[in-house]
Amino acid sequence: MNRRWRPHWDRWLARRIPASGSVRLTQRRIFIVPSRVGGAFMIALGLMLLAGINYQNSLAYGLTFLLASVFVVAILHTYRNLAGLTLKAGGTTPVFVGEAGRWRVRLESSGRAHQAIALGWLPADLQSVDIAEQGSVTCELNAPTTRRGWLRPGRLRVESRFPLGVLVAWSWVDLDQPLLVYPRPLPGELPLHAGADQQSPEQGRLAHGQGADDFQGLKAYQPGDSRRRLDWKAYSRGQGLQVKDFASYSGLELDLDFEALDGDIETRLSRLCHWVLMLSERQQSFALRLPGLYRAAASGDAHRDACLQALALYGSPP
Amino acid sequence: MRTKLDACLSAVNQILLGKEPQVRLAMACLLARGHLLIEDLPGMGKTTLSHALARVLGLSFQRIQFTSDLLPGDILGTSVFDKDSGQFVFHPGPIFAELVLADEINRATPKSQSALLEAMEEGQVTIEGATRPLPEPFFVIATQNPVSQGGTFALPESQLDRFLMRLSLGYPGKAAERALLLGDSRRSLLPRLEPILDHRELGLIQAEIPQVRASDALIDYVLRLVDATRTQPQFAWGLSPRGSLALLAAARAWAFLAERDYVIPEDVQAVLPAVVGHRLRDQADPAGHGGSALVQWLLREVPAL
Amino acid sequence: MSALPTIPRISLTWLLVAQALVILPLLAHLPLWILALWLGCAGWRVQIFRMRAAFPTAWAKGGLMIAAGLGVYFSRGSLVGLDAGVVLLVAAFLLKLLEMRSRRDALVLIFLGFFVVVTGYLFDDSILVALFSLLPVTALLAALIGLQQSAIAQRPWPTARLAGSLVLQAVPLMVLLFIFFPRFGPLWSLPGPNDKGVTGLADSMAPADIADLSRSGALAFRAQFEGEVPARSELYWRALTLERFDGRRWSQSSLAQSPQTAQWQAAGESLRYSVVMQPSGQPWLFSLDVARTSLDSTRLMADFRLQRNRPVDRSLLYGVESWPQAVREPQLDAARRAVTLQLPADGDPRTREWAAQLKREHPHSEQLVQALLRHFNQQPFSYTLRPPRLGRDSIDGFLFDTRSGFCAHYAGAMTFVLRAAGIPARVVAGYQGGEFNPAGNYLQVRQFDAHAWVEYWRPQIGWTRVDPTFQVAPERIEQGLEQALSDEQSFLEDSPFSPLRYRQFAWLNQLRLGWDNLNYGWQRWVLGYQGTQQLELLQRWFGQLDGRLLALVLVGGGGLLLGALALWLFKPWQRERDPQQRLFRQFARLLARQGVHWQAGEGARAYAARAAGLLPAQAAAIEAFADLYEARRYAGEAIADAQLWRQLRLLRRALPWRLRVADKRTQ
């Protein structure tokens, strides 16, 4: 598409098919034109018509007209194969830069079966699925990630060439499901806040290695607690999900600091990301300092996710 | 019978001012043989509501204040050696009442909590090898304080599921509070309440609730709701079959209170926040209490017809 | 096009089936080795699919192609021309299947298949072939659909069903296109297929040729009269005149192709009729004397035969007007006279002598002809399709020795005698009679109706038709060949199963005539639906016709048909399957018109309450409907839908825009 017209086209499309978590493909949202196969089909029909004319053969005319009519009827069938389909955002799973981003899209039929529905982001290959009558399918779409932050992959192309392949019906939908991309973890020195206890990382690790954290008892599992600390034995005894509660020495709390690192912003964020992951894995409580943001010391999956999100979104407009 | 029910409701409403919807829900919950969880700040009238309900329904009432040192025996009862007979004699705990108020249930240890919850589920308790049935009818109204979490053991999901409804009373309206301030102490009014229903009548009503008609069209609506919680991405998990059963039972009771012998979608919608609010979690916020936003979404987006 | 590397199983299955169906009707017109090639290719392909064989290597492919080319060259004698072209096309169609790997190859194969079906029509365009060809077309479409289906193969039948339904749904549109799409003349001339094996009259005649034709029950042409069908004995269908005699054969004279125009004057009543001719491979058309036709590039030649400027190699429809009593060529020019008096230099001395004697006895040509006919009638001449052999002087032998033969013998001998007596005369070849088909009100004329008769010339009166066979076997003229040969049992003796032999069984005959009627309609309305006929039909329907109107009809009619099909496919009235839901949607539409839109999460009662609040004047009607609806849907009360509709009508009347209309009316 011409660069000059691109914004106009996007605006027009945004008005016609507004971004939404659930898009039902209707008449207004489906476009349909002959495909390249359709062009070849028409040329073949032209040749057959020529044979009919030159041999004055009514049956050759008849077959040409029959196939031309099939072509026209296929417009309705191709449209029908796409119409009535509902696409719903099925959520995303955050990934690190460089990993393939994964978007789940749910396709629901509101009546008819839909065959060979292709979807994806051009120019990459489209993924093809069948949806049974009244059924639904969740398919996972992939796209490469190149930078951290919210990744919006652009409009999703949904197309169908079924039944004959001579026409292509398509729609561009925006399911409004951005993917959170964390910085790529980069191993490096532990960046500790200068104001905190001047404690070397070795000491921190030592403390951990000695098992200094005291076992306090069990407490009921709350979503957000680290799953690594689940007491599976208690669970198997039928006491429900319980979490081993450790108290850690407050003095050993680590304070990750953006300012303690040098290098460009992305490198620093990558280092921090690495340590957030490392410390979370060890169930070490830590705090995170970014310019203009402070996350108090805590541990657990929820804390880790919050920290990663803060790293991913650092510097991007709120 | 229904006039008596109305009388019950208005009697409770006179004690607990300006809380008609919550009182009605609480009544529906009891009629549907469900247990009730009231989540609110202290002093909002949780105890008053339970006590008033017990009085008008003619039920025996016991209150258990849950504390961190409460032991299961304190709830269920213990056997004490009787010197006269030379035998162990069972002293039933407070749970052997028809309406039990478990106050601040999240203050007790999980062990004590589960003693109560198992009794709720099974309608009987097993102590020292002997199984003892709980009275019939048997209701538990549990309360918990959502704000002060220090030193509490929040109920896990599996336990929350056992409560048919979760209610929140909230602050009274201005007029109601004015009346509250001018009038007598609410608690002092309680003893004046006369039982309006007896056990037999309550049993009849409870037996009638499952007879309330739920047409195919209505079941379809319930299924659409349940399906939405299971397929929409914003739900961390979907409603369990127990949840959908609870929804229908509560809707039936609500329709019965509205003097109808069939359920309409509006009944389902009326009980939906109370029945499913504590069973749902927002995907984006698994630790928080996104339930009510999800319920609003369900009410708004799932076609009722 | 996202080129999938492999071809789905369903598509391959249907391609194999389609190939068989495409080839089958063509086999009669193809050399035998094509059959072997087809079986080999299909078998190899199946083995490839079962992973038991590899794809052909480049060498194998090249070798096969060269072998196929050589095969075409040796069996057809050339690599160009239609016959060779068809064989090449079929060979390509077969070989392409073998080497097909990608979806693009499969597409090429499918399109080739359509072309082969079209070429099949050039060889045979009967109704059965046309109907049969729907099978390969459907199978090819099924293969095309199979290409689009997801690779995880399902069963093949639903695909074929879908293809079939596509074809069926396309039929109305096809009929519209067929009727209204303008027909053009050929853009350039192309040779027709050679081996159609047509039988019919040739441009020269030895008696045995007519006898050969008499053994064939094949159709020559059909004719439908406007008004009364003339008596059978008047139905002399002229094809051509044979003016040259070399002692054995009669053939067209050198004058036959002269650009001279026919000299004639119309007289008496004219007959109007239309003829649908089977392909004859010859340029002349069949007509009663003296004919005029509207068919273009056809003219009446000087010997009164109709001739087209190219052979009739596919069935042809033309309208004719004939004047049987017209005076033909009252003046004979010298060249024509010379030609119609021509005799071989010698031979048949006895006949020449007898002719001289007759001439002396009957100076007037009229009397001479009568005497000659009397001679045939009174002498022991007999009519047979199995005449004895004749010697070198065939006319002498026939007239004086064997005295038995059929029309060609009698016509030839009579013309010879007349010429020898100095009277210009010639043999006319054509058909006589025909079978009337009451089901379709038309005559069918078959090859065994082929006949030869005589024309002689008199000054001022011109050419006069005379039929010596009538004197010998009047039943041949009045009833037909079968009756003329009833003693001999030689009618269609070579084809014992021809339904024509069993005309005595009424039901069989009925069936045969019905079938023939169907074929006639097919020929006339489908195969013959070309330029002039289309124009006539369209003018009858629309009067004056121009391109704009035609385009309008095509586009408008197509749009209507497509709209109807869309309605049938999408069934918008059934989008809501639940009748009560339909009711509610109607209710919501009524209120939406007043600005109260239903929201998804709203129950009937809540919606009605909201609407009643906004439209207090109609509150009663709105709530009455909602109550009724609720009682029906949720309380399970036995309320008929009709009652709900009635309530809805009440509401519609109660709503303001209705009132406004009523107000206007009262004013």
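Procedures and definitions
Each chain carries its own residue numbering, running from 1 in the direction its sequence is written. Just so you know, chain letters begin at A and ligand numbers begin at 1, following the order they were written in. For a predicted model such as this one, the threshold for reporting local features is a pLDDT of at least 70, and the threshold for listing and counting side-chain atom pairs is 80 or more; totals across whole chains, interfaces and linings nevertheless cover every residue. Note that water and hydrogens are dropped before the side-chain values are worked out from all heavy atoms of the structure. The angle between two axes is taken between their N-to-C directions and runs from 0 to 180 degrees, where each axis is a line fitted to C-alpha atoms and a helix contributes only its stretch in contact. The secondary structure listing takes helices from DSSP runs of H or I that are at least 4 residues long and strands from runs of E that are at least 2 residues long, numbered from the N terminus. An angle counts as roughly parallel when it lies under 35 degrees, as roughly antiparallel when it exceeds 145, as roughly perpendicular when it falls between 65 and 115, and as oblique in every other case. Whether two residues touch is decided by their heavy atoms; if any such pair falls within 4.5 Å, the residues are in contact. By the convention adopted, Pro, Cys, Tyr, Trp, Phe, Met, Ile, Leu, Val and Ala count as nonpolar, Lys, Arg, Asp and Glu as charged, and the other residues, Gly among them, as polar. All domain edges in this entry derive from an automatic or database-based domain assignment. For the purposes of these results, a polar contact is taken to be a pair of N or O atoms within 3.5 Å, where, inside protein, one atom must be able to donate a hydrogen and its partner to accept one; residues adjacent in sequence count only when each atom of the pair is a side-chain atom. To estimate the expected span of a helix, count its residues, drop one, and scale the result by 1.5 Å. Here the term buried applies to any residue with accessible area under 20% of the maximum for its type, exposed to any over 50%, and partly exposed to those in between, with areas from a 1.4 Å probe on protein chains only. By this definition, two strands are paired if DSSP reports at least two bridges between them. Any Lys or Arg side-chain nitrogen located within 4 Å of an Asp or Glu carboxyl oxygen qualifies as a salt bridge.

### A short note on the packing of helix H13 (residues 394-402) of chain C against helix H14 (residues 407-420) of chain C
Residues and elements named next belong to chain C. Two elements in contact, H13 and H14, have axes whose closest approach is 10 Å; the angle formed by their N-to-C orientations is 105°. Considered as vectors, H13 and H14 are oriented roughly perpendicular to each other. Two secondary-structure elements touch here, H13 through Ile-395, Phe-398 and Leu-399 and H14 through His-409, Tyr-410, Gly-412, Ala-413, Phe-416 and Val-417. In terms of residue class, the contact of H13 with H14 is built from seven nonpolar, two polar and no charged.

### Here we look at the domain arrangement of chain C
Where interface size is given, it is often the accessible area lost as the parts come together that is meant. Each assigned domain of chain C is listed here: domain 1 (9-180), domain 2 (204-506), domain 3 (542-572) and domain 4 (576-666). Between the C-alpha centres of domain 3 of chain C and domain 4 of chain C the distance comes to 38 Å.

### Focus: the side chain of Ser-58 of chain A
You can see Ser-58 of chain A is positioned in helix H3 (residues 58-82). Here the side chain of Ser-58 of chain A touches Val-526 of chain C through a polar contact of 2.6 Å, landing on its backbone oxygen. Here Ser-58 of chain A is in contact with Phe-178, Val-526, Leu-527, Tyr-529 and Gln-530 of chain C, once residues within four sequence places are set aside.

### Some points on helix H2 (residues 36-54) of chain A
With 19 residues, H2 of chain A should cover 27 Å at 1.5 Å per step; its first-to-last C-alpha distance of 27 Å lies within 8% of that length. Those residues of H2 of chain A not exposed but buried are Val-37, Gly-38, Phe-41, Ala-44, Leu-45, Met-48, Leu-49, Gly-52, Ile-53 and Asn-54 of chain A. In this fold, the buried residues of H2 of chain A make contact with H3 of chain A together with helix H5 (103-123) of chain C.

### Some points on the sheet that holds strand E11 (residues 306-308) of chain C
Residues and elements named next belong to chain C. Spatially, three strands are ordered E8-E11-E10 in an open sheet, and the strand pairing comes out antiparallel. The open sheet has two edge strands, strand E8 (284-285) and strand E10 (298-300), and neither has a second partner. With three bridges connecting them, E10 and E11 associate as antiparallel partners. Looking across to E11, one finds that Thr-298 is bridged to Arg-308.

### Re the pattern of salt bridges
Here the structure, examined in full by the defined rule, presents 43 salt bridges over all chains. One salt bridge connects Glu-104 of chain B with Arg-107 of chain B, and the closest N-O pair in it is separated by 3.2 Å. Of the charged contacts in the structure, one is a salt bridge between Arg-222 of chain C and Asp-516 of chain C, with a shortest N-O distance of 3.1 Å. Residue Arg-222 of chain C is located in strand E2 (residues 219-225), and its partner Asp-516 of chain C is located in helix H18 (residues 506-527); the two are separated by 294 residues in the primary sequence. On the accessibility criterion, Arg-222 of chain C (3% relative accessible area) is buried.

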